[in-house]
Amino acid sequence: MNNLELSKIANEVRKGVIKSTHSAKSGHPGGSLSVADIITYLYFEEMNVDPKNPQWADRDRFVLSKGHVAPALYATLAEKGFFPKEDLTTLRHVGSYLQGHPDMKGVPGVDMSTGSLGQGVSAAVGMAIAGKLDKKDYTVYALLGDGEIQEGQVWEAAMLAGHRHLDNLVVIVDNNGLQIDGNVADVNSPYPIDKKFEAFGWNVVICDAHDFDSIEAAFNNAKATKGKPTAIIAKSIKGKGVSYMENNAGWHGKAPNAEEYAVAMKGVDYIIFTGGIGENQIRIREGICKNGIACLIINSNIREYNKISKEQVPAQFEINLPTEELQIMLKLVQILLFLIIYKITLQ
């Protein structure tokens, strides 16, 4: 799956987060948005799971240790086909199986009930030990918050995982720098996070949580590491994708109202997607890129569009690539501008 395809799915996950928290009138959108790309990559590229058989014994396991960002997990599971996407709007409603924190007994695809911070990673360590004892090949993934790692239980689990050389365990720290009370460095600094994990015998990788190439490299590093668990410190942006939520601790646990919901949904639609097309990179923005000229201006390189077919662009964008005549005309304009600039410099 290429970066554009992954980005499109992550965008749908973000929409699911916004829809579900708005419908619930409560929840945690900020952290859910910051982990959307990581969880998308896990379920659509990294993990071996089967939506038709959620309890498959040999599946990879995922533990959302920061259980309050359940909206992101639910939206991803729905995209993967574990349950209908329409159910996302029942989040936190009385009688719904999609409660505020993951419930392994009620939600297909959830491997561990979580919510009390620090406990999820302990369960993940136990799963990894069980996998070793049972001589299974599955990998256990656990996602923690950078505020969550202020919990002492996290480091007890880290110590045991390092001692047991659990190379079938990968922990991801969502390092968005913010928690409910503000900046994690001011509340109770967990830094340096990398050195702490290394002190317990872990392999440590740092990645950009919103760059799929960086994410892929981090997980490939984890797979290649033997004899020790891996901690991926994912540098993220709280509220990623919704301008007024980004880097704003106030959106840790607050749902958008009707007006904010409309702005957020429109904002997510305008996320810039980046992805490789052959040897080129393209940047597409819905609305701006509905005509070839605007797309050309954004890319500032008409040659890219000579190699891009409409099928290689997410369907939701419906862009019109420059026609051959338009390309010739634009090249002539470029030449004319060059001649004008050249003449001015000679004066």
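About the criteria used
- Residues numbered from 1 in each chain as written.
- Predicted model: local features only at pLDDT ≥ 70, side-chain atom pairs only at ≥ 80, totals over all residues.
- Heavy atoms only, no water.
- Helix = DSSP H or I, 4+ residues; strand = E, 2+ residues; numbered from the N terminus.
- Buried < 20%, exposed > 50% of the residue type's maximum accessible area, 1.4 Å probe, protein only.
- Contact = heavy atoms within 4.5 Å.
- Pairing = 2+ DSSP bridges.
- Right-handed = clockwise from strand over helix to strand, strands pointing away.
- Salt bridge = Lys/Arg side-chain N within 4 Å of Asp/Glu carboxyl O.
- Patch = residues over 30% accessible without salt bridge, like charges linked within 9 Å, V, L, I, M, F, W, Y side chains within 5 Å.
- Areas by Shrake-Rupley, 256 points an atom, 1.4 Å probe, with all protein chains shown as cover.
- Expected span 1.5 Å × (residues − 1).
- Arc of directions from axis to C-beta.
- Axes fitted to C-alpha atoms, helices over the stretch in contact; angles between N-to-C directions.
- Lys, Arg positive; Asp, Glu negative; His and termini not counted.
- Polar contact = N/O pair within 3.5 Å; in protein donor to acceptor, adjacent residues only side chain to side chain.
- Parallel < 35°, antiparallel > 145°, perpendicular 65-115°, else oblique.
- Left-handed = near helix turned anticlockwise from the far one by under 90°.

1. Section: the environment of V121
For V121, the position within the fold is in helix 5 (residues 119–133). Assessed through its relative accessible area of 4%, V121 is described here as buried. Each C-alpha atom of the pair V121 and S65 lies 5.8 Å from the other, and the pair is 56 residues apart in sequence. Those residues in contact with V121 that sit more than four places away from it in its chain are S65, L144, V154, A157 and V171.

2. A word on the pairing of strand 3 (residues 169–175)
On a regular strand, each side chain points to the face opposite its neighbour's, so the side chains alternate between the two faces of the sheet. Of all the seven residues making up strand 3, seven are buried; the element is thus mostly covered by neighbouring parts of the structure. Side chains of strand 3 alternate between two faces, with L169, V171, V173 and N175 and V170, I172 and D174 buried alike. Taken together, the six bridges between strand 2 (residues 140–145) and strand 3 define a ladder with parallel strand orientation. From the neighbouring strand, Y141 faces strand 3, where its bridge partner is V170. Viewed along the sheet, the connection from strand 2 through helix 6 (residues 152–163) into strand 3 turns out right-handed.

3. As for the pattern of salt bridges
Following the criterion strictly, the structure yields 10 salt bridges and no others. Across the salt bridge formed by E12 and K85, the nearest N and O atoms sit 3.8 Å from each other. Of this pair, E12 sits in helix 1 (residues 3–24) while K85 sits in the loop between helix 4 (70–80) and helix 5, and the two are 73 residues apart along the sequence. For K85, a relative accessible area of 38% puts it in the partly exposed group. One salt-bridge network, held together by shared partners, links E12, K15, E79 and K85.

4. Thoughts on a nonpolar patch on the surface
Taken together, I328, L332, I335, F338, L339, Y342 and L346 make up a surface patch of nonpolar side chains, about 760 Å² in accessible area. Mapped onto the fold, L339 is located in helix 13 (residues 324–346).

5. Things to note about unusual backbone geometry
With an omega dihedral of -5°, the bond running from Y191 to P192 counts as a cis peptide bond. For K135, which is not glycine, the phi dihedral falls at a positive 55°. The residue K135 is located in the loop between helix 5 and strand 2 in this model. Unusually for a residue other than glycine, N247 sits at a positive phi of about 55°. Relative to the helices and strands, N247 resides in the loop between strand 7 (230–235) and helix 10 (258–269).

6. Quick look at helix 6
Its 12 residues place the ends of helix 6 17 Å apart at the C-alpha level, agreeing with the 16 Å of an ideal helix rising 1.5 Å per residue. Those residues of helix 6 lying buried are V154, W155, A157, A158, A161 and G162. Each buried residue of helix 6 lies within a common arc of 155° when the element is viewed along its axis, so the set occupies one face. Set apart from the buried face of helix 6 by more than 90 degrees, the exposed residues are E156 and H163. Where helix 6 is buried, its residues contact helix 5, strand 2, strand 3 and helix 8 (193–199). Of the residues trailing helix 6, H165 is marked for its positive phi of about 55°.

7. Some details on the sheet that holds strand 3
On the basis of which strands lie adjacent, the open sheet formed by five strands has the order 1-2-3-7-6 and parallel pairing. The open sheet is flanked by strand 1 (61–64) and strand 6 (203–208), the only strands paired with a single partner. Ignoring strand direction, the axes of neighbouring strands in this sheet form an average angle of 20°. Two elements, strand 1 and strand 2, share four bridges in a ladder whose sense is parallel. Residue pairing across strands places L64 opposite L143, the latter belonging to strand 2.

8. Side note on the side chain of K238
Inspection of the secondary structure puts K238 in the loop between strand 7 and helix 10. This buried residue, K238, is left without a salt bridge; D174 holds the nearest opposite charge, at 6.3 Å. Here H252 takes part through its side chain, which lies 3.2 Å from a polar atom of the side chain of K238.

9. Describing the packing of helix 3 (residues 36–46) against helix 9 (residues 212–224)
Running from N to C, helix 3 and helix 9 point in directions that differ by 60°, and their axes come no closer than 11 Å. By the criterion of interaxial angle, the relationship of helix 3 to helix 9 is oblique. The crossing of helix 3 and helix 9 is right-handed. Where helix 3 approaches helix 9, its residues D37, I38, Y41, L42 and E46 are matched on the opposing element by F212, I215, E216, F219 and K223.

Everything listed here is a matter of geometry and, on its own, says nothing about what the molecule does.
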